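# Architecture and fold: a report
These are the residues of each chain, in order.
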Amino acid sequence: SRSPVIDGGNVAASLQLIVSAAARGLGVARVGVWLWDDAHSSLHCILQHEQGVPLSGLAVGSPGGNALARPPLHRSDYPAYFAALDEQRTIAAHDAWQDPRTIELKANYLLVEGIRSMLDTPIRLAGVMAGVLCCEQIGTSRQWGEEEASFAAALADMIGRSLIAQRRLQSDQALRDLNQQLEARIERETEEARRAESESQSARQQLKDITDHMPGAVCQMLWLGPGKYRFLYISDGISRMTGVDTQTFVHDTVQAMSAVEPQDFLGLAAAIDIAARKPGEPFDFTFRVRHSQTGQLHWIQTQSRGSALPDGSVLFNGSFIDVTSRKQLEDAVAESERLLKAAMDASHDGIWEWNLVTDDVHFSDSWFTQLGYAPAEMPMRLSTFTSLLHPDDAQATFTAVARTVGQTLEAGEIGYAAEFRLRRKDGAWQWILGRGNISQRAADGTALRLTGTNVDIDERKRLEHSLASATAAAQQASKAKGDFLANMSHEIRTPMNAVIGLAHLLRQTPLDA
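Residues numbered from 1 in each chain as written. Predicted model: local features only at pLDDT ≥ 70, side-chain atom pairs only at ≥ 80, totals over all residues. Heavy atoms only, no water.

## Examining the overall build of the protein chain
Filter applied, for reference: Counting from the N terminus, the helices are DSSP H or I runs at least four residues long and the strands are E runs at least two residues long. Here the term buried applies to any residue with accessible area under 20% of the maximum for its type, exposed to any over 50%, and partly exposed to those in between, with areas from a 1.4 Å probe on protein chains only. Contacts between residues were defined by any pair of non-hydrogen atoms, one from each residue, lying within 4.5 Å. Where accessible areas are quoted, they stem from the Shrake-Rupley method and a 1.4 Å probe; at the residue level, only the protein chains shown are allowed to cover.
Helix and strand counts for the protein chain come out as 13 helices and 17 strands. Going through the 513 residues of the protein chain one by one, you find that 36% of them count as buried. For the protein chain, contacts bridging at least 24 residues in sequence account for 50% of all contacts bridging at least 6. When the accessible surface of the protein chain is summed, it comes to about 29500 Å², and 57% of that surface belongs to carbon and sulfur atoms.

Following this line, the structure appears as structure tokens:
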């Protein structure tokens, strides 16, 4: 019959009741309850009743662990004993020292504890041994009867019922705990979902506020096939750029795309189809639209990246930016560059830029052609210049350059000018006037780039040489003339001195003397 103690799940109380009943009913000196460890390799005594000694061991809680200072019984040490427990209902060892089922225990257990007879009954749960109820006779041997064996077996079954009740109680408690945890988790996740939805709505509104007021527009477009696409979302910025209502882009993409200039529409459509065949790669295209209200032409740059969907369509997430100002600036820069190139081509001056950090030098085409080389025929390195520089001009040239590079911002950008000779492709030396100045500095003022020009002064140098030669010749002629006149004066003056002296003497002497 059901017992509130045994079937209530209170193992501590039920085991104390059962071992006390076993000790009284069998009249034995000691009764113990042994249970498996977690690995099912050793039995541990969790409760022991000994005559004249207070009940010790498990008082509260659940079985498990070695509650008493009793050495465990390892299956590996006592294989015959454990084999008998696996196969038999009870082990009634009248003389435990001689019984083949228990003789293994003699040296390390029976003699140590003074046990002579044993009535051990397996405790089984669902047919599997979970432990042993040990009834031990101390001192003298004892002949166990069938009723005593049956009584011990009934008590072992009660222990099994108590363990099952405890596990059921633990399972019920675990289930209740799990249900509570699940309910708490559901409530927590529900609250998190509500909060996430609220945050998502707030984020969507915030994103809309941001995208609607940003200079450009963000969009999500679905490509359905060649020439077929529709916008799933586009921000209000598109309306400012095109004059077309935002909802028109979403609900009537064909009409919205009519704002694109006809000359650019086919190129844009083809570029979209190409990008759709290369999902994952960046898409970048610039085209023109005419504002539907002002009639002004705007340059629009779109950038996006496509993701292939299982149905064969491609989802593009991207943006539109009004780059009209940039295009106007680019056109202005291009025109300036065209004019500069035209001026450079007309002047035939060579232009260069020297990166003082890497020693890379950019030479213009005219820098090379000035010396008879093809454009970019030699490496864009400082070594190209030094290899062509006349050895006699190297020190003065680089001294001037070093003086310019070493100038501080406070000293002002004075720049340098130096005349030197460069070797032409035909081997001749050509005179060059080099000018340069610092074109870029670091934050601390250190010079980073030097930019300048090379002017062909070879003709001027030839004229200067001719003029110097003519001047030298004139000076030589003038000197020869002076020498001639001096000689002539001496030659004439010497005889004349005698004539003048004689005339003077005649004036002083009377004619009749």
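## A look at the pairing of strand S12 (residues 314-322)
Side-chain positions along a regular strand alternate between the two faces of the sheet. For clarity, the cut-off: By definition, two strands form a pair when at least two bridges between them are found by DSSP.
Note that strand S8 (residues 217-225) and S12 share 7 bridges and pair antiparallel. Bridging across to S12, Val 218 finds its partner in Ser 319. As paired strands, strand S11 (residues 297-308) and S12 are joined by 9 bridges and run antiparallel to one another. Paired with Gly 306 across the strands is Phe 316, a residue of S12. Turn length for the S11-S12 hairpin, with the two strands adjacent in sequence and antiparallel, is 5 residues, and the turn residue Gly 312 shows positive phi of about 95°.

## Describing the pattern of salt bridges
Counted only if it meets this: Counted as salt bridges are all cases of a side-chain nitrogen of Lys or Arg within 4 Å of a carboxyl oxygen of Asp or Glu.
Tallying each qualifying case throughout the model produces 25 salt bridges. For Arg 421, the salt bridge identified is with Asp 393, shortest N-O distance 3.0 Å. Of this pair, Arg 421 sits in strand S15 (residues 416-423) while Asp 393 sits in helix H12 (residues 391-405), and the two are 28 residues apart along the sequence. The salt bridge involving Asp 458 is made with Arg 462; its shortest N-O contact spans 2.7 Å. Residue Asp 458 and its partner Arg 462 are located together in helix H13 (residues 458-508), separated by 4 residues, close to a single helical turn. Of the residues examined, Asp 458 reaches a relative accessible area of 16% and is grouped as buried.

## Overview of the state of the cysteines
Note the threshold: Here, a disulfide means two cysteine sulfur atoms that sit within 2.5 Å of each other.
Taken as a whole and judged by the stated rule, the model has 0 disulfides. Cysteine Cys 45 is unpaired, with the sulfur of Cys 134 as its nearest cysteine sulfur at 7.6 Å. Taking the relative accessible area as the measure of exposure, Cys 45 reaches 0% and is therefore buried.

## What to know about empty space enclosed by the protein
Here is the rule we go by: A 1.4 Å probe that fits but cannot get out identifies a cavity on a 1 Å grid over protein atoms alone, an open set with protein on both sides within 12 Å along at least five of seven lines counts as a pocket, and a residue lines either if it has an atom within 4 Å of a point. Grid points are joined across faces, edges and corners, and a volume is the space filled by probe spheres set on the points. By the convention adopted, Pro, Cys, Tyr, Trp, Phe, Met, Ile, Leu, Val and Ala count as nonpolar, Lys, Arg, Asp and Glu as charged, and the other residues, Gly among them, as polar.
Per the counting criterion, the structure on display carries 2 cavities of 30 Å³ or more. Here the largest cavity defines a volume of roughly 250 Å³. Secondary-structure elements contributing two or more residues to the lining of the largest cavity are S8, helix H5 (237-242), helix H8 (262-276), strand S10 (282-290), S11 and S12. The residue makeup of the lining of the largest cavity, split by class, is 18 nonpolar, 6 polar and no charged. In terms of lining, the second largest cavity is formed by 14 residues, of which the most central are Trp 352, Trp 354, Leu 382, Phe 385 and Tyr 416. Mapped onto the lining of the second largest cavity, the elements with two or more residues apiece are strand S13 (350-355), strand S14 (361-363), helix H11 (382-388), H12, S15 and strand S17 (447-456). If you tally residues by element for the lining of the second largest cavity, the top one is H12, at 3 residues.

## Focus: the nonpolar core
What counts, and what does not: Definition of nonpolar core: a set of buried residues of the types Ala, Val, Leu, Ile, Met, Phe, Trp, Tyr and Cys, connected through side-chain atoms within 4.5 Å.
Counting 28 residues, the largest nonpolar core has Phe 231 and Phe 320 as the members making the most contacts within it. Mapped by element, the contributors of at least two residues to this core are S8, strand S9 (228-234), H5, H8, S10 and S12. The element that contributes the greatest number of residues to this core is H8, accounting for 6 residues. Setting aside residues up to four positions removed in sequence, Phe 231 forms contacts with Cys 219, Gln 220, Met 221, Phe 249, Val 250, Thr 253, Met 257 and Phe 320.

## Focus on the sheet that holds S17
Short version of the rule: Fitted lines through C-alpha atoms serve as axes, helices being fitted only where they are in contact, and the angles separating the N-to-C directions of these axes extend from 0 to 180 degrees.
The strand order S14-S13-S17-S16-S15 describes an open sheet built from 5 strands, whose pairing is antiparallel. Looking along the sheet, the strands with just one partner apiece sit at the ends: S14 and S15. Strand-to-strand, the axes of this sheet are offset by a mean angle of 25°, without reference to chain direction. The sheet contact formed by S15 and strand S16 (residues 429-441) spans 8 bridges and is antiparallel.

## Quick look at the packing of aromatic side chains
Each aromatic ring pair is summarised here by two numbers: the centre-to-centre distance and the angle between the ring planes. Applicable threshold: We call Phe, Tyr and Trp rings a pair once their centres come within 6.5 Å, taking the six-membered ring for Trp, and we label the pair stacked below 30 degrees between planes, edge-to-face above 60, and tilted otherwise. A ring has a charge above it when a Lys NZ or an Arg CZ is no more than 6 Å from the ring centre and no more than 35 degrees off the ring normal.
Evaluated as defined, the whole model comprises 12 aromatic pairs. Ring geometry for Tyr 81 versus Phe 82: centroids 5.6 Å apart, planes at 80°, classification edge-to-face. A relative accessible area of 0% means that Phe 82 is categorised as buried. With a centroid separation of 6.1 Å and an interplanar angle of 75°, the aromatic rings of Phe 385 and Phe 398 are classed as edge-to-face. Here the residue Phe 385 occupies a position in helix H11, and Phe 398 occupies one in helix H12, the gap between them amounting to 13 residues. If you follow Arg 116 out to its NZ or CZ, it ends over the ring of Trp 97, 4.0 Å from the centre. Its guanidinium or amino end placed over the ring of Trp 431, Lys 461 lies 4.4 Å from that ring's centre, counting from NZ or CZ.

## Remarks on the sheet that holds S8
Strands sit in the order S9-S8-S12-S11-S10 across an open sheet of 5 strands; the sheet is antiparallel. On the outer flanks of this sheet lie S9 and S10, each paired with one strand and no other. Taking each pair of neighbouring strands and ignoring which way they run, the sheet shows an average axis angle of 30°. Sheet analysis places S8 next to S9, joined by 6 bridges and oriented antiparallel.

## Examining H12
Operational definition: For a helix, the expected span equals 1.5 Å multiplied by the residue count minus one. Note that the arc is computed from the directions linking the helix axis to the C-beta atoms.
With 15 residues, H12 should cover 21 Å at 1.5 Å per step; its first-to-last C-alpha distance of 21 Å lies within 8% of that length. By the burial criterion, the buried members of H12 are Asp 393, Thr 397, Ala 400, Val 401 and Thr 404. In a view along the axis of H12, the buried residues occupy a sector of 100°, so they form one face of it. Of the exposed residues in H12, the ones pointing more than 90 degrees away from its buried face are Pro 391, Gln 395 and Arg 403. Its buried side turned inward, H12 meets S13, H11, S15, S16 and S17.

## Considerations on the side chain of Thr 397
Structurally, Thr 397 is set in helix H12. With relative accessibility at 1%, the residue Thr 397 sits in the buried group. Apart from residues no more than four positions distant in its own chain, Thr 397 is found in contact with Phe 385, Leu 389, Ala 418 and Phe 420.

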